[in-house]
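The primary structure of each chain is shown beneath.
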Amino acid sequence: MKRTIVIVVIALLVILAVFKLFSNRNKITAQNENLFANDVSVTVASVSKKDISPVLNVTGMVYPATELDIPAETQGKIKALHYTLGQSVKAGTVIASIDDELKKLSYESAKIDAEKAEKDYNRLKNLLSGGTTSQQEFDNAKFAYESAKNKVADAAKQLSYTKITAPISGTISKKLVEAGTYVNAGTAVASIVDISKLKVKVNLSESNAYYVSVGNKVQITSDIYPGVTFTGRISFVSPRGDDAHNYPVEIELANTGKTQLKGGTFVTASFEIGTSKMGICIPREALQGSIKEAKVYVAENGKAHLKNIVIGRESSGYLEVVSGLSENEQVVVSGQVNLTDGKTIKIINNN
């Protein structure tokens, strides 16, 4: 009886093991079918001719044309600050004072020595003309006098350094020390910005950078002042692009009147990049890789094929295709992340 029970139990275990193996095989088969499913859902757009506008709109940021720290030119303790944050100052305005007692004493001592040396020089000059002193004594007196005058000039300059002045006209933007702080020569005590002129920094793609030059006019607009257009000129076009083939460009513009911009404001820069023309275009979303090494997925006969293309100008979200595509071909504009060359696709839009 016991033997029969053992045999039954073993048989049941074998049946369960076989059932488990078949169940796992079915799961693996289903997973493999999903893994290697051919249909990838994508949306496409037709390659079409469009009027490529000569105006390119690029977002940039405003920076002060001049922004610098104001350093102390001598060491000592800050005796007083003569500015407040946001204060407008003229070039040469004293914004801070350093304790000048020792510098004053040095200056006064140098003056006394110079006055004595001048008297000795004049006395020996008269004696030399009367033949009662030697040329050597006169030359020594002259040298001492010239040296004393130089020391007075140096002491006067050191004394002047105790008055820290604004090197340019502008607005105080940072307070970097407090009264009583001991500073060394070169220590910044404040920052000043000049926003009477601004510069706008933008990046242009390689396909557009070749159409702009230093001196070209650029129209600048901002959401801060709807309906207001500022006119600037290109002051710099980088001779070298970054790894993504973007080229830094700077635009200078005057910042006067009631509608003044502040540093850090986002603006739109409108560039004229040649003349209007018709060209074969694709949506920018279709681009794979960089402008320099451009590729797109083309939908053909239910599959996605990766093609190399050459990009021309960019305009209003579209890229001009110089070569590599023909009109009416369909390019994938979404779903590319799941694609490889030759992958079967399912188009889910009607473009």
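Residues numbered from 1 in each chain as written. Predicted model: local features only at pLDDT ≥ 70, side-chain atom pairs only at ≥ 80, totals over all residues. Heavy atoms only, no water.

(A) Highlighting the pattern of salt bridges. This model, assessed by the stated rule, comprises 9 salt bridges. Among the ionic pairs, Asp120 bridges to Lys116, the shortest N-O distance being 3.2 Å. A residue pair is termed a helical-turn pair when its members lie 3 or 4 positions apart in one helix, as Asp120 and Lys116 do in helix H2 (residues 101–130) at 4 residues. Residue class for Lys116 comes out exposed when judged on its relative accessible area of 54%. Under the relative-accessibility criterion, Asp120 is labelled partly exposed at 25%. Three or more residues joined by partner-sharing salt bridges are found here, namely Lys79, Asp100 and Lys104. (Salt bridge = Lys/Arg side-chain N within 4 Å of Asp/Glu carboxyl O. Helix = DSSP H or I, 4+ residues; strand = E, 2+ residues; numbered from the N terminus. Buried < 20%, exposed > 50% of the residue type's maximum accessible area, 1.4 Å probe, protein only.)

(B) Unusual backbone geometry, seen in detail. For Asn301, which is not glycine, the phi dihedral falls at a positive 55°. Along the polypeptide, Asn301 turns up in the loop between strand S16 (295–300) and strand S17 (303–308). The phi angle at Asn328 is positive, at roughly 80°, despite the residue not being glycine. Its location among the elements puts Asn328 in the loop between strand S19 (318–323) and strand S20 (330–334).

(C) Expanded view of the environment of Val62. With respect to the helices and strands, Val62 occurs in strand S3 (residues 55–71). Counting along the chain gives 199 residues from Val62 to Leu261, while the straight-line C-alpha distance between them is 7.8 Å. Contact partners of Val62, with chain neighbours within four places excluded, come to Leu198, Lys199, Val200, Leu261, Lys262, Gly263, Gly264, Thr265 and Val267. (Contact = heavy atoms within 4.5 Å.)

(D) View of the packing of H2 against helix H3 (residues 135–160). Contact geometry of H2 with H3 gives a least axis separation of 8 Å together with a crossing angle of 160°. If you check the angle between H2 and H3, you find them roughly antiparallel. Every pair of crossing elements has a handedness; the one defined by H2 and H3 is left-handed. Residue classes in the contact of H2 with H3 are distributed as 16 nonpolar, 3 polar and 11 charged. (Axes fitted to C-alpha atoms, helices over the stretch in contact; angles between N-to-C directions. Parallel < 35°, antiparallel > 145°, perpendicular 65-115°, else oblique. Left-handed = near helix turned anticlockwise from the far one by under 90°. Nonpolar A, V, L, I, M, F, W, Y, C, P; charged D, E, K, R; others polar.)

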